[in-house]
Protein chains: 2
Amino acid sequence: MATNTRYLGLIDRYRSRLPVKDGCRIISLCEGDTPLIQLHNIPRNRGLDVEIYVKFDGLNPTGSFKDRGMTMAVTQAVSDGSQAVICASTGNTSAAAAAYAARAGIRAFVLIPEGKIAYGKLAQAMMLNATVLQIRGNFDDGMSLVKEVASETPVTIVNSINPYRLQGQKTAAFEIVDALGDAPDYHCLPVGNAGNISAYWMGYSEYFDDSTASHRPVMAGYQAAGAAPFIAGHPIDNPDTVATAIRIGNPQSWDKAKAAEKESGGWFDAISDEEILATQRMLAGEEGIFAEPASATSVAGAIRDIKSGRIPSGSRIVCTLTGNGLKDPDIAIEQCGKPQIVDATLGAVESAIASAF
Amino acid sequence: MATNTRYLGLIDRYRSRLPVKDGCRIISLCEGDTPLIQLHNIPRNRGLDVEIYVKFDGLNPTGSFKDRGMTMAVTQAVSDGSQAVICASTGNTSAAAAAYAARAGIRAFVLIPEGKIAYGKLAQAMMLNATVLQIRGNFDDGMSLVKEVASETPVTIVNSINPYRLQGQKTAAFEIVDALGDAPDYHCLPVGNAGNISAYWMGYSEYFDDSTASHRPVMAGYQAAGAAPFIAGHPIDNPDTVATAIRIGNPQSWDKAKAAEKESGGWFDAISDEEILATQRMLAGEEGIFAEPASATSVAGAIRDIKSGRIPSGSRIVCTLTGNGLKDPDIAIEQCGKPQIVDATLGAVESAIASAF
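Let me sum up the structure you'll find in this document. (Residues numbered from 1 in each chain as written. Chains lettered and ligands numbered in written order. Predicted model: local features only at pLDDT ≥ 70, side-chain atom pairs only at ≥ 80, totals over all residues. Heavy atoms only, no water.)

Residues and elements named next belong to chain B. Running from N to C, helix 8 (residues 171-180) and helix 9 (residues 195-209) cross one another at 50°; their axes reach a closest spacing of 7 Å. With respect to their mutual orientation, helix 8 and helix 9 come out oblique. The handedness of the crossing between helix 8 and helix 9 comes out as right-handed. Residues Ala-172, Ala-173, Phe-174, Ile-176, Val-177 and Asp-178 of helix 8 lie in contact with helix 9, whose contacting residues are Tyr-200, Gly-203, Tyr-204, Glu-206 and Tyr-207. (Axes fitted to C-alpha atoms, helices over the stretch in contact; angles between N-to-C directions. Helix = DSSP H or I, 4+ residues; strand = E, 2+ residues; numbered from the N terminus. Parallel < 35°, antiparallel > 145°, perpendicular 65-115°, else oblique. Left-handed = near helix turned anticlockwise from the far one by under 90°. Contact = heavy atoms within 4.5 Å.)

Here it is as structure tokens:
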């Protein structure tokens with residue numbers, strides 16, 4: 001007979017390493033446990049002598065890494081008696097907040113930038129029954145508003161300034177070490193609000209501190225060139241990039257992310273929108289992995305830095321893919337030609353196939 | 001130190017139970033191993049005394065259960081020296097074929113019905129570098145054409161008439177038994193081309209035959225009312241439903257699916273489009289699970305049959321959610337109101353929140 005091995009989510013798996021009260025009700029959608037996929041074709045086609053993996057967090061329940069933090073934040077909110085959560089969001093956080101609030105049976109309010117949210121993310125927040133407020137402003141404006149509202153209203157902020165969020169997100173580092181048997185040499189991430197790079201560093205450090213990992217990786221954070229405050233050295237006012245998930249000018253986890261850079265001997269760098277989209281197509285067309293544009297930033301940066309020697313040959317590298325490509329179908333469709341329309345006849349189909357070879 | 005436990009996909013996990021040649025190159029995107037999520041709120045809110053789970057196969061790499069079969073079909077195609085795969089598709093199969101062909105480095109040709117494919121699925125097939133032919137016809141016309149083309153051209157059919165597809169898909173039943181420690185009492189599925197119900201039955205039967213499971217579940221297959229040939233008792237010519245993934249009038253696995261029904265003591269039934277969409281919203285709004293419309297068919301059928309007593313109280317039930325809600329953002333957006341647009345001021349946001357309570 002089989003034995004019961006049902007996966008119950010990341011709090012269940014990593015409970016001893018997470019600040020969860022005994023006996024509290026866990027709000028979970030079986031998030032985490034996402035695949036670590038080795039890239040074969042991309043390094044081979046470019047003659048890159050590295051072992052490179054993507055942590056595909058777009059396969060979480062709502063299609064992004066945000067679920068890792070949200071299971072913790074909403075579990076804590078419910079434990080504290082909260083009846084509503086609120087967040088500012090470029091889209092992924094709102095989907096996660098809406099989903100976990102629904103699962104918990106509480107309300108979710110999400111503030112999204114007007115007209116700059118990916119279509120799939122809007123669909124999620126609406127279907128998942130959040131109250132969606134599109135503000136006449138950008139993410140950073142929304143973030144300021146959420147802080148003000150939460151100081152006056154009994155709603156729990158579930159942006160990554162909520163410390164439980166990063167606690168949940170650090171489990172991605174645990175999973176990577178558990179999967180590989182040790183930490184990678186380099187870890188490459190897209191950087192927007194800078195919570196995720198901070199959370200990974202926390203996770204790697206905890207595993208290193210108790211010798212579960214023999215070392216910690218060098219952390220490389222990549223921002224979209226039009227939304228790159230870490231490269232500018234200061235917050236920027238009007239961030240702009242096709243990678244809407246990281247269209248953020250004033251990262252909330254600035255100090256933590258800078259500490260991760262310094263302590264790991266890592267770096268931040270900027271990637272142009274053209275490079276982001278080319279890498280998104282590369283991942284899809286050469287490896288069969290469809291991630292959202294922001295996700296491609298990590299792989300774009302890794303490839304550039306492998307080619308330049310900044311990441312040396314022989315390295316073991318993990319790149320985080322933060323979100324699912326289905327989150328932003330418009331960007332995908334815009335980049336491709338139109339499908340051919342053909343008659344439903346053998347001749348028409350055969351000639352279309354012949355012309356494609 | 002941690003030990004290496006990286007998940008390598010369903011062929012690696014279930015290799016002894018799959019027809020895979022020794023030493024052949026495995027084409028995998030780490031598919032399978034999807035969550036089995038227990039529904040809490042839906043049964044509680046309705047006073048239903050059952051233990052009910054959803055197998056969320058929308059969290060596979062391309063967002064549907066089709067990846068399970070495609071890893072097998074493309075692995076075999078590559079092993080046979082094939083340079084191209086072809087399929088007819090309502091969208092999910094085409095995304096999976098495109099992804100695994102890209103991973104393998106071979107070509108994919110997909111025939112989709114004109115104007116009746118979900119937006120996210122089209123985005124996937126295009127980004128994943130398939131040659132997409134929209135035919136002036138429906139899925140069944142495409143299926144006939146694919147068979148003709150494959151008989152004259154050196155391309156491998158990867159529709160579910162390819163026997164390796166069902167072999168891969170049967171692993172979902174293995175995972176469920178492995179997760180629960182035994183087979184459920186009832187298994188509810190959406191039925192379109194009828195390959196998946198056939199594959200599940202095969203998987204449950206294999207585990208039962210060698211006593212890994214103590215019994216096999218009753219299989220309940222649910223079709224969209226406008227595309228319900230098993231209810232009509234014969235193929236139908238112009239299937240129509242909002243659940244595009246099961247908009248199929250002439251199921252290719254007719255005999256296998258009828259055998260599963262008969263051997264398991266199960267049934268087929270029809271679900272209206274209204275019921276499908278209401279259940280899609282119920283899953284999202286009450287449990288935080290956003291699945292595509294076709295997926296909701298299984299849960300709609302289960303709830304109806306639990307209420308009627310056809311599925312008795314105390315039963316343990318698994319419903320398959322075949323695809324991710326992000327596959328079809330239009331359907332989601334159409335069902336919801338528009339987001340409120342508010343000024344980026346504290347007063348505007350607070351009054352919008354107050355009015356929502």
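Under the criterion given, the structure shown has zero disulfides over all chains. With no disulfide of its own, A:Cys319 has A:Cys188 as its nearest cysteine by sulfur position, at a separation of 4.4 Å. Free cysteine A:Cys336: the closest other cysteine sulfur is in B:Cys87, separated by 17 Å. (Disulfide = S-S within 2.5 Å.)

Turning next to the relation of the copies chain A and chain B. Laying chain A over chain B is done by rotating through 180° and shifting 0.0 Å along the axis; what remains is an RMSD of 0.0 Å. Expressed as an axis order, the relation between the two copies is that of a two-fold axis. Both copies present the same face, since 100% of the interface residues in chain A are matched by interface residues at the equivalent positions in chain B. (Least-squares fit on C-alpha atoms with pLDDT ≥ 70 in both.)

A separate point is the sheet that holds strand 7 (residues 186-190) of chain B. Residue and element names in this part refer to chain B. Taken together, six strands build an open sheet; the order of strands is 1-2-10-7-8-9 and the sheet is mixed. Of all the strands in the sheet, the pair left with one neighbour each is strand 1 (36-38) and strand 9 (267-271). Strand-to-strand twist in this sheet, taken as the mean axis angle between neighbours without regard to direction, amounts to 25°. Sheet topology places strand 7 next to strand 8 (residues 218-224); five bridges connect them, and they run parallel. Bridged to Cys-188 within strand 8 is Ala-220. Against the sheet, helix 12 (residues 273-287) contacts strand 8, strand 9 and strand 10 (316-321), and its axis sits at roughly 90° relative to strand 9. (Pairing = 2+ DSSP bridges.)

The interface is formed by 94 residues belonging to chain A together with 94 residues belonging to chain B. When the two sides are added together, the surface that chain A and chain B hide from each other amounts to roughly 8,300 Å², 65% of it contributed by carbon and sulfur. Of all residues in chain A, A:Arg103, A:Met127 and A:Leu326 bury the most surface against chain B, accounting for 10% of the area lost on that side. Here chain A and chain B share four salt bridges between them. Here B:Asp343 makes a salt bridge to A:Arg136, at a shortest N to O gap of 2.6 Å. Counting the contacts that link chain A with chain B gives 30 residue pairs in polar contact (both at pLDDT 80 or more). Grouping the constituent residues of the side of chain A that touches chain B by class yields 51 nonpolar, 25 polar and 18 charged. Pairing between strand 11 (residues 340-342) of chain A and strand 5 (residues 131-135) of chain B: three bridges, direction parallel. (Buried area = accessible area lost by both parts, 1.4 Å probe. Salt bridge = Lys/Arg side-chain N within 4 Å of Asp/Glu carboxyl O. Polar contact = N/O pair within 3.5 Å; in protein donor to acceptor, adjacent residues only side chain to side chain. Nonpolar A, V, L, I, M, F, W, Y, C, P; charged D, E, K, R; others polar.)

Residues and elements named next belong to chain A. Position of Thr-71 among the secondary structure elements: in helix 3 (residues 66-79). Relative accessible area serves as the criterion here: at 0%, Thr-71 is assigned to the buried category. Within polar-contact distance, the side chain of Thr-71 engages the backbone oxygen of Ile-27 at 2.6 Å. Look past the residues within four positions of Thr-71 in its chain and what remains in contact with it is Leu-10, Ile-11, Ile-27, Ser-28, Glu-31 and Tyr-100. (Buried < 20%, exposed > 50% of the residue type's maximum accessible area, 1.4 Å probe, protein only.)

This paragraph deals with the pattern of salt bridges. All names here are of chain B. Under the counting rule described, the total for this entry stands at 36 salt bridges over all chains. For Arg-316, the salt bridge goes to Glu-51, with nearest N and O atoms at 2.9 Å. One end of the pair, Arg-316, is in strand 10; the other, Glu-51, is in strand 2 (residues 51-56), with 265 residues separating them in the sequence. Using a relative accessible area of 22% as the deciding quantity, one classes Arg-316 as partly exposed. Under the relative-accessibility criterion, Glu-51 is labelled partly exposed at 25%. Across the pair Lys-55 and Glu-175 runs a salt bridge, and its minimum N-O distance is 2.7 Å.

Let us now look at helix 4 (residues 92-104) of chain B. Residue and element names in this part refer to chain B. The end-to-end C-alpha separation of helix 4 is 18 Å, in line with the 18 Å expected for 13 residues at 1.5 Å each. Most of helix 4 sits inside the fold, with 13 of its 13 residues counted as buried. Just beyond helix 4, the residue with positive phi is Gly-105, at close to 80°. (Expected span 1.5 Å × (residues − 1).)

In this section: the sheet that holds strand 3 (residues 84-88) of chain B. Read across the sheet, five strands follow the order 11(A)-5(B)-4(B)-3(B)-6(B) without closing on themselves; strand pairing throughout is parallel. Edge strands, defined here as strands with exactly one partner in the open sheet, are strand 11 of chain A together with strand 6 (156-157) of chain B. In the sheet, strand 4 (residues 107-113) of chain B pairs with strand 5 of chain B via five bridges, with the strands oriented parallel. Note that in strand 5 of chain B the partner of B:Ile112 across the bridge is B:Gln134.

Next up on the list: the pairing of strand 2 of chain B. Residues and elements named next belong to chain B. With five of six residues buried, strand 2 lies mostly within the body of the structure. Where strand 2 lies against strand 10, six bridges are found, and the strand directions are parallel. Along strand 10, the bridge assignment pairs Ile-52 with Ile-317.

All names here are of chain A. Here Asn-324 is to be found in the loop between strand 10 (316-321) and helix 14 (329-335). Within polar-contact distance, the side chain of Asn-324 engages the backbone nitrogen of Leu-326 at 3.0 Å. Sequence-distant contacts of Asn-324, defined by excluding residues within four places in its chain, comprise Phe-56, Gly-58, Leu-59, Gly-63, Phe-290, Ala-291 and Glu-292.

What follows concerns the packing of aromatic side chains. All names here are of chain A. Throughout the structure, instances matching the rule amount to 13 aromatic pairs over all chains. Among the aromatic residues, ring-to-ring pairing joins Tyr-14, Phe-174 and Tyr-207 into one connected group. One residue, Arg-17, lies across the ring of Phe-174, its end atom 5.4 Å from the ring centre. (Phe/Tyr/Trp six-rings, centres within 6.5 Å; stacked < 30°, edge-to-face > 60°. Lys NZ or Arg CZ within 6 Å of the ring centre and 35° of its normal.)

Moving on to the packing of helix 9 of chain B against helix 11 (residues 254-264) of chain B. Residues and elements named next belong to chain B. The N-to-C vectors of helix 9 and helix 11 enclose an angle of 50°; their axes lie 8 Å apart at closest approach. With respect to their mutual orientation, helix 9 and helix 11 come out oblique. As for the relative orientation of helix 9 and helix 11, their crossing is left-handed in sense. Contacts between helix 9 and helix 11 involve Ile-197, Ser-198 and Trp-201 on the former and, on the latter, Lys-256, Ala-257, Ala-260, Glu-263 and Ser-264. Residue composition of the contact of helix 9 with helix 11, by class: four nonpolar, two polar and two charged.

Functional significance is not addressed by these values, which are geometric in nature.
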